[in-house]
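Remarks on the overall topology
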Amino acid sequence: DIDFNNFKVISSENPTIYRNKNDVYFQKGGKIYPIKNVDAKTFEKVGYDIVKDKNGVYFLENVSEENENLEIKTKNLKADGIDLKTLKKLDNGYFKDKNNIYYGLSGNLYKMKNVDLSTFEVLNSPYNSSVYFAKDKNNVYYNGKKLDGIVPNDFEQIQSYFIKDKNGIYKFEESENEQDLKIT
């Protein structure tokens, strides 16, 4: 049974998450479900399905499933060196703490290597596409991976799958497992 004393909304963004003195809950389709194995006092929502407490960072499993007996389980994320106190969501799958940039993919956070933390920024696409880039003073990134040969100075997305830097215009093509860049 849910104790509705001190019941508070801690995130009204979809999905809505509530907390009372001892437990954390998730609302889906008008029903409220417990989130198991988290510390209610220190629990925070970081992203759509990424949460944290004093003990770790977690992926909420079954968030998108339609299920009458839905139970939200947590999967502990084992990203190297995450600073729990400073971890926050940026945009488009990127996360940041005081030491590193991470990319969220397939229910996990992956630490990006050799990123300049002070100049890193997520670039919002001006086009209706799911193609999003990020950059720092040294590199351009897509889905958390460095795009070799693209210069971040004057980098711009000029259409959904076309980008440019000071050296040229490139058509960006995705394959199932990796990104390919072709100069047009």
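Placed above this text is the structure.
Description of the structure in this document. (Residues numbered from 1 in each chain as written. Predicted model: local features only at pLDDT ≥ 70, side-chain atom pairs only at ≥ 80, totals over all residues. Heavy atoms only, no water.)

As for the overall build of the protein
The helix and strand inventory of the protein stands at 0 helices and 20 strands. Across the 184 residues that make up the protein, the buried fraction comes to 40%. Contacts spanning at least 24 positions in sequence make up 31% of the contacts within the protein whose residues lie at least 6 apart. With an accessible surface of roughly 11,000 Å², the protein has 40% of that area assigned to carbon and sulfur atoms. (Helix = DSSP H or I, 4+ residues; strand = E, 2+ residues; numbered from the N terminus. Buried < 20%, exposed > 50% of the residue type's maximum accessible area, 1.4 Å probe, protein only. Contact = heavy atoms within 4.5 Å. Areas by Shrake-Rupley, 256 points an atom, 1.4 Å probe, with all protein chains shown as cover.)

Structural notes on the sheet that holds strand E11 (residues 101-105)
The antiparallel open sheet is built from 4 strands, whose spatial order is E9-E10-E11-E12. Every other strand in the sheet has two partners, leaving strand E9 (88-89) and strand E12 (108-111) as the edge strands with one partner each. (Pairing = 2+ DSSP bridges.)

A closer look at the pattern of salt bridges
If you walk through the whole model with that rule in mind, you get 2 salt bridges. As a salt-bridge pair, lysine 146 and aspartate 148 come within 3.5 Å of each other at their nearest N and O atoms. Since its relative accessible area comes to 45%, lysine 146 is described here as partly exposed. Residue glutamate 156 is joined to lysine 164 by a salt bridge in which the shortest nitrogen-to-oxygen separation is 3.7 Å. Glutamate 156 sits in the partly exposed class, given a relative accessible area of 38%. The exposure class of lysine 164 is partly exposed, given its relative accessible area of 30%. (Salt bridge = Lys/Arg side-chain N within 4 Å of Asp/Glu carboxyl O.)

A few points about the sheet that holds strand E14 (residues 133-135)
Strands sit in the order E13-E14-E15-E16 across an open sheet of 4 strands; the sheet is antiparallel. Two strands in the sheet have a free side with no partner beyond their single neighbour: strand E13 (121-123) and strand E16 (145-146). Looking at chain direction, E14 and strand E15 (residues 140-142) are connected through 3 bridges and run antiparallel. The residue of E15 that forms the bridge with alanine 134 is tyrosine 141.

Overview of the side chain of glutamine 157
Structurally, glutamine 157 can be placed in strand E17 (residues 156-159). In this structure glutamine 157 comes out as buried when scored by relative accessible area, which is 8%. At 3.4 Å, the side chain of glutamine 157 forms a polar contact with the backbone oxygen of glutamine 159. (Polar contact = N/O pair within 3.5 Å; in protein donor to acceptor, adjacent residues only side chain to side chain.)

Re the layout of surface pockets
In this structure, the largest pocket encloses a volume near 190 Å³. If you trace the largest pocket, you find 13 residues lining it, with Lys111, Met112, Lys113, Gly144 and Lys145 closest to the centre. Looking at the lining of the largest pocket, the elements that each hand over two or more residues are E11, E12 and E16. Classifying every residue of the lining of the largest pocket by side-chain character gives 5 nonpolar, 4 polar and 4 charged. The calculated volume of the second largest pocket comes to roughly 160 Å³. Grouping the amino acids of the lining of the second largest pocket by side-chain chemistry returns 5 nonpolar, 6 polar and 2 charged. (1 Å grid on protein atoms, 1.4 Å probe; cavity = no way out; pocket = protein on both sides within 12 Å on 5 of 7 lines; lining within 4 Å. Points joined across faces, edges and corners; volume = space filled by probe spheres on them. Nonpolar A, V, L, I, M, F, W, Y, C, P; charged D, E, K, R; others polar.)

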